[in-house]
Amino acid sequence: MSDSDAIARMHALLKAQKSAFEAERHRPVEERKSDLKKLEALVKARGEDFATAIDADFGRRSKAETAIGEAGFVIASAKHARQHLSHWAASRRKPVPMTLAPGKAYVRREPKGVAGIVSPWNYSMQLALAPLVAALAAGCRAMIKPSEFTPRTAELLHETLSELFNEDHVAVIEGGPDVAKAFCALPFDHLFYTGSTPVGRLVAKAAAENLTPVTLELGGKSPAVIAPDFDLDQAAKTIAWGKYFNAGQTCVAPDYALVPRGGQRAFGEAVMREADAMWPDVAGNGDYTAIISEKHHARLTEMVEEARAAGAEVLQAALDKEKAGNTRIFPPTVVIDPPLDSALMREEIFGPVLPVLGHDGLSDAARFVNERDRPLALYVYSKSSATARDFLARTMSGGAGVNLPMLHLSVEDLPFGGVGASGQGAYHGETGFLTFPHERAVFEAPVWHPSRMVFPPYGKVFEFFKKLQTG
Ligand code: NAD
């Protein structure tokens, strides 16, 4: 389909979804649960097909990592939402101040209408369907624009979701940046965007034109900070796992490590040993994922070469290119002390390259982190919970992990989102559910309410009320 056809189709779909929403308005909770159950069943039934499509899109994607990072995640999230939906969707009673009694105050959690969801390529199924879980749970309708870098996954999302839902309920729009741009300019009732910070800025501007509320799930440079009391080898194991899982193409992967000064090389070597133990022979190892495109691969090479040319030491796992047969495998890499003005330390890396720098104590590390944009995640390693919490108190990030990277995002009841340049808004669990409804405040008064006694002309009762109000 040409871009102009896709754009015409999305306008028609939005119109259809809006009128279907107006006709139904409050989708009963039991029907929303059944929508989620259908989605769960789809992911279970077609999980293998999605894994094959994602593998083809990446040129090689670890089947194990796809299982837990894509289908497993969506199934857990849909199940959790189903189990808690009756409670989440119920109205909330609020206390009424004495001066306004009698009456009832409550908040109705009402679906906003039609949600637009824009998803990236790195977890091409999860990041399209997890926001959909929240939107469906809230009783919204949704249009999804998946990334152009994973066209097979996008096509399969389109095919399978249109078998499951009418297009006036859930629809998928395929296309590249021009289609994405037109998509974000549509007057959705909520726009949920996951992707890079630079594109996130454009999305926020487009949404502002329509006063569309927007959730921005962006990226950034997530640091892993090791306190002097923590064993470097132990930290190396989990940081290597977080960094090289999906070949570093994870928004919450540790971007760089700050270790007690003098320990950079020993730590870098330990990371390489751990990477080799987890992903030996990356060329022929089906569990080591490829880089999404030639362009992304070339960017990583340039970043490492720039740091090397500036004098940084590069440790890199061996890669038998002939055996790899896939030019997009980028081996696990550590760069010791890259210059702070190099691309490696300016941009989110989003690949299997770990810069390792030294710090002169946790105050110095906190200063380093605070001088930069607020990251999506921050990891601190310490044997002392008090030390770790003190470090958290001195810094800010979207989420955080103590002694373990990434897994905070798998706790459904924890809100997941960024702060500052790493995003705004959050989702997962009840926080995700709350993204898509409007919390409508209602004060329900009896037919005759005493407040009318303080209407003008103002007299003695008004004076009495004034005193009551201010105590
Ligand atoms: P991207 O910003 O290039 O693309 C994301 C989506 O935006 C795609 O669907 C694309 O078609 C669309 N897009 C492109 N140009 C657009 C425009 N002008 N207007 C509107 N939409 C446009 O991001 P990416 O490379 O696919 O993903 C990688 C980035 O996403 C990284 O920065 C990563 O940290 C971030 N990310 C964040 C999260 C999170 O939950 N916070 C999760 C995954 C990835």
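Calculation rules
Residues numbered from 1 in each chain as written. Predicted model: local features only at pLDDT ≥ 70, side-chain atom pairs only at ≥ 80, totals over all residues. Heavy atoms only, no water. Domains from an automatic or database assignment. Buried area = accessible area lost by both parts, 1.4 Å probe. Polar contact = N/O pair within 3.5 Å; in protein donor to acceptor, adjacent residues only side chain to side chain. Helix = DSSP H or I, 4+ residues; strand = E, 2+ residues; numbered from the N terminus. Nonpolar A, V, L, I, M, F, W, Y, C, P; charged D, E, K, R; others polar. Buried < 20%, exposed > 50% of the residue type's maximum accessible area, 1.4 Å probe, protein only. Axes fitted to C-alpha atoms, helices over the stretch in contact; angles between N-to-C directions. Parallel < 35°, antiparallel > 145°, perpendicular 65-115°, else oblique. Contact = heavy atoms within 4.5 Å. Near = heavy atom within 4 Å. Areas by Shrake-Rupley, 256 points an atom, 1.4 Å probe, with all protein chains shown as cover. Pairing = 2+ DSSP bridges. Phe/Tyr/Trp six-rings, centres within 6.5 Å; stacked < 30°, edge-to-face > 60°. Lys NZ or Arg CZ within 6 Å of the ring centre and 35° of its normal.

Moving on, we get to the domain arrangement of the protein. Domain boundaries in the protein define domain 1 (3-218 + 422-439) and domain 2 (223-416). Relative to domain 2, the C-alpha centre of domain 1 lies at a distance of 30 Å. Taking both partners together, domain 1 and domain 2 bury about 2,500 Å²; carbon and sulfur atoms supply 50% of that area. Contact with domain 2 buries surface across domain 1, with Arg60, Glu65 and Trp121 losing the most and accounting together for 28% of the total. Linking domain 1 with domain 2 are 22 residue pairs in polar contact (both at pLDDT 80 or more). Of all elements in the fold, only helix H2 (29-58), helix H3 (63-89) and helix H15 (429-435) reach the threshold of two or more residues within the side of domain 1 that touches domain 2. Element by element, the count of residues in the side of domain 1 that touches domain 2 is highest for H3, at seven residues. Taken together, the residues of the side of domain 1 that touches domain 2 break down into 10 nonpolar, 10 polar and six charged.

In this section: unusual backbone geometry. The residue after alanine 101, namely proline 102, is reached through a cis peptide bond having omega 0°. Checked against the element boundaries, proline 102 lands in the loop between strand S1 (92-94) and strand S2 (104-111). Note that the residue after proline 456, namely proline 457, is joined by a cis bond; omega there is -5°. We note that leucine 211 has phi near 50°; this positive angle belongs to a residue other than glycine. Among the structural elements, leucine 211 can be located in the loop between helix H7 (197-209) and strand S7 (214-217). Accessibility expressed as a relative area gives 75% for leucine 211, which makes it exposed. One non-glycine residue, methionine 406, adopts positive backbone phi at about 75°. Inspection of the secondary structure puts methionine 406 in the loop between strand S14 (399-402) and strand S15 (423-424).

Turning our attention to the packing of H3 against helix H4 (residues 126-137). Helix-helix packing is characterised by the crossing angle of the two axes and by the distance between the axes. Across the interface, H3 lies against H4 with an axial gap of 9 Å and an inter-helix angle of 10°. Taken together, the axis directions place H3 and H4 in an arrangement best described as roughly parallel. Within the contact between the two elements, H3 uses Gly69, Glu70, Phe73, Val74, Ser77, Ala78, Ala81 and Leu85 and H4 uses Gln126, Leu129, Ala130, Val133 and Ala137. Its residues assigned to classes, the contact of H3 with H4 shows nine nonpolar, three polar and one charged.

In the region of the ligand, 29 residues are neighbours, and Glu148, Tyr193, Ser196, Leu218 and Glu348 sit closest. At 2.9 Å, a side-chain N or O of tryptophan 121 approaches an oxygen atom of the ligand. Between an oxygen atom of the ligand and a side-chain N or O atom of glutamate 148, the distance comes to 2.5 Å. For the ligand, the accessible surface in isolation is 850 Å², of which the surrounding protein chains cover 91%. Where the shell around the ligand is concerned, the elements lending two or more residues are helix H6 (177-184), strand S6 (190-194) and H7. In terms of residue count, the dominant contributor to the shell around the ligand is H6 (four residues).

Another aspect to go through is the sheet that holds S7. Spatially, S5-S4-S3-S6-S7-S15 is the arrangement adopted by the six strands of the open sheet, whose pairing is mixed. Two strands in the sheet have a free side with no partner beyond their single neighbour: strand S5 (170-172) and S15. Both strand S4 (residues 141-145) and S5 contribute to a ladder of three bridges, which runs parallel. When the bridges of S5 are listed, alanine 142 appears paired with valine 170. Across the sheet, helix H1 (residues 3-24) is in contact with strand S3 (114-118), S4 and S5; its angle to S4 comes to roughly 160°. This element, H4, spans S3, S4, S5 and S6 of the sheet and lies at about 165° to S3.

Here the focus is the environment of alanine 224. Following the sequence through the fold, alanine 224 ends up in strand S8 (residues 223-226). A residue is classified by how much of its surface remains accessible, and alanine 224, at 1% relative accessible area, is buried. With 226 residues separating them in the primary sequence, alanine 224 and proline 450 have C-alpha atoms 60 Å apart. In this structure alanine 224 touches Ile239, Pro254, Tyr256, Ala257, Leu258 and Tyr379, once residues within four positions along its chain are discounted.

Within the structure shown, the criterion is met by 13 aromatic pairs. A ring pair is formed by phenylalanine 230 and tyrosine 381, whose centres lie 5.3 Å apart and whose planes are at 75°; its orientation type is edge-to-face. With a gap of 151 residues between them, phenylalanine 230 in the loop between S8 and helix H8 (232-244) and tyrosine 381 in strand S13 (residues 377-381) connect regions that are remote in the sequence. Grouping aromatic residues by their ring pairs yields a cluster made of Phe192, Phe416, Tyr427 and Phe436. Between arginine 61 and the ring centre of phenylalanine 58, over which it is positioned, the NZ or CZ distance is 4.6 Å. Residue placement shows arginine 372 over the ring face of phenylalanine 368; its charged tip is 3.7 Å from the ring centre.

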